[in-house]
Structure formats: structure tokens, C-alpha cells
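Single-letter residue listing:
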Amino acid sequence: MNDNVALNQYLNYARRLARDERLQTVYGYIIGSGFNDNASNSLAPNLPPLSPQWYARVFNGYGETLSRTDNVIQVVRQENSRMRVLVGPVRPFKTEQDGARTYQIDAPWLNYMNTLVALLDETARAKTEGGFALTAPDGFAVNAFGRPNAPELNGRAAADEPRFDLPRAEWNGAQAGFRIYRDWLDIINAYPTTRGLPVYINATNTFTPDEGIPPAQNYPRGWLANAYQVINAEPQVQALCWFLDFDESPDGRWDGYILTKGVGRVYDAAEEFEELLKK
């Protein structure tokens, strides 16, 4: 946060990736992940989460003079104009950070996202007017976690959770489960330079950070197939990725999530995933 030395190091890293001949077939780069969640910063857990303003500064130069190009998207464009640069996911259901621009549904993670997208849009439009093109994002990575035991299901099958809106009263009507992706879409589509951009669900499973129950304990057979059908009806959403496929962490911290190990109820998720790959 506000560390320009670290920013310069990060931009040098982005520049190296963009110019590396071995990486020219990479689809795109997701810039950051879970930056509104201090628990995501495992290397420096005592640092505060990043503000929307600082993330927008890093991504496309928010708050700086228009002629400055020391931001991720302009650095990458200078090296490889074909490379996609995607906004990283805001972590849903986390309250560490709020946003100054309140979304129509007042929940901290949605306000954070709304503020972030507004700042990215404002900066991209200003740079375009100043003669600097292609500074808007190429898309957004988002998280969409399911909540199969949500009381809002009102007795419906747990596996059908992706098919239903779960507005939570204590969150002012914010989605409580998988269909959080619809709140993300609504925010992205509210601004001129981001409206209609592709969205990639880069992490889904049935773990929500406020409940803390791993998929090995709460995954209901059929959930992933239903999520896949729901997303197939959303042309703006280009990917649905399960978290996590494979991991070799010696502490086994992700064993309750990994498809390749299939611990507990994740065994059913792994079987469904294989079947969906054949479609």
C-alpha cells in the first residue's frame, strides 16, 4: 500500500513476463487476488489490505498525471499489445475493507468492488481523452463461492444452490452464495469502459470465508454440474474454474479442496468435473 519502491519492482516483473518469448501464448494476466482480504496476504499478514485507490493506481494509474505510464496495463501494453490484462478478484463476504462509493446494495465487498471499478473507469476515460488509448481492463476475474447449506434455500436441494438467488437480509440483500457473480456483473456493467467485458470465475467451490467449511465436508453431489449449467447461460462469463485442482503444500492445508486427492465429498466434485470435461 502506497509503496512506490515495491510498485517499481512489481512493474519490472510485469514487464519481464510480457516480453518473455516463452509466454507469448499465455491468454492473459490476472493482476492480484483477494486484495480486500488481509488473510490473503500470507507473506506479510500484518500489513493492511489494499485500498481500491491503490489497486487502481497500480493497475492503470489512477490519481497520477495522465502522461505517467508506470502502471501495469501500460507497461504490459508497451511490451505486448496482444496480452490481456484482467482485474483480479475481490474476495466476497469479507468485511475488512469497504469502499467510498456505496453500491446500491450496501455490503463492504460490493462497495469495494464498486469503488474499484469506478476508479478504473474514471482513469481509462481520462487517459483516452488525453490521447492515451487502451488503458481499460480487458476483463475481470471474480470469485463465486457456493453456500449449499444456506437457510435462504428454504428446503430446496443443496445441490441446486447455484440456481437460486440467496439475498441475505443482514447484508442488505447481497447474494450469499454462488450467484454473487451476478452482483459482480452488475457492477462491471454499470460503467462505460467496463460494460460488457468478459468475466472469468477463476475460483469456485462450496467454501465461504465466513462459514469456513471446506468442500470435503459440505459439497453436495450435483452442485458443480448445476453451476456449469447456470454459467453456460451467461454469455459474458467465459470461464468457471474449481479451486483447487492440485497442490503439493507439505502442510496439507488444501487437502479438503483438491480435486486430484478427492478427500471426503470432494470425491464427488472430482467425478463431476471429469464428466463435465467430456461435454
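Refer to the preceding data block for the structure.
Caption draft 1: Fine view of the sheet that holds strand 2 (residues 84–87). Reading across the sheet, the 5 strands line up as 1-2-3-6-7 and stay open at both edges, with parallel pairing between neighbours. Because the sheet does not close on itself, it has two edges, and the strands there are strand 1 (28–31) and strand 7 (237–242). The mean inter-strand angle of the sheet, taken between neighbouring strand axes irrespective of direction, is 25 degrees. As defined by bridge partners, strand 1 adjoins strand 2 across 4 bridges and the pair is classed as parallel. Each residue of the ladder has a partner; that of Tyr29, found in strand 2, is Val85.

Caption draft 2: Broad picture of the packing of helix 7 (residues 223–232) against helix 8 (residues 266–277). It is at 8 Å that the axes of helix 7 and helix 8 come closest, and there the two elements cross at 40 degrees. Comparing the axis directions of helix 7 and helix 8 gives the class oblique. Every residue of helix 8 that contacts helix 7 at Trp223, Leu224, Ala225 and Tyr228 is listed here: Ala269, Glu272, Phe273 and Leu276. Among the residues making up the contact of helix 7 with helix 8, the classes are represented as 7 nonpolar, no polar and 1 charged.

Caption draft 3: Representation of the nonpolar core in the model. Ranked by size, the top nonpolar core spans 67 residues in total, and within it Trp109, Leu110, Leu116, Phe140, Phe178 and Tyr181 carry the most contacts. The dominant element in this core, judged by the number of residues it contributes, is helix 4 (residues 108–129), at 9 residues.

So, how was this worked out
Residue numbers run consecutively from 1 along every chain, following the written order of its sequence. Totals for whole chains, interfaces and linings use all residues, but because this is a predicted model, local features are given only for residues with pLDDT of at least 70 and pairs of side-chain atoms are given and counted only at 80 or more. Note that water and hydrogens are dropped before the side-chain values are worked out from all heavy atoms of the structure. Between any two strands, at least two bridges found by DSSP are needed for them to pair. A run of H or I in DSSP becomes a helix once it reaches four residues, and a run of E becomes a strand once it reaches two; helices and strands are each numbered from the N terminus. In this analysis an axis means a line fitted to C-alpha atoms, helices contributing only their contacting stretch, and an angle means the value between N-to-C directions, from 0 to 180 degrees. We call two directions roughly parallel when the angle between them is under 35 degrees, roughly antiparallel when it is over 145, roughly perpendicular when it lies between 65 and 115, and oblique otherwise. Contacts are assigned to residue pairs with any non-hydrogen atoms lying within 4.5 Å of each other. Think of it as three bins: nonpolar holds Ala, Val, Leu, Ile, Met, Phe, Trp, Tyr, Cys and Pro, charged holds Asp, Glu, Lys and Arg, and polar takes everything else, Gly as well. As used here, the term nonpolar core means buried Ala, Val, Leu, Ile, Met, Phe, Trp, Tyr and Cys residues forming a set that is joined through side-chain atoms within 4.5 Å. Buried means the residue's accessible area, taken with a 1.4 Å probe over protein chains only, is under 20% of the maximum for its type, while exposed means over 50%, and partly exposed covers the values in between.

Note that all results are geometric; they support no functional claim without further evidence.
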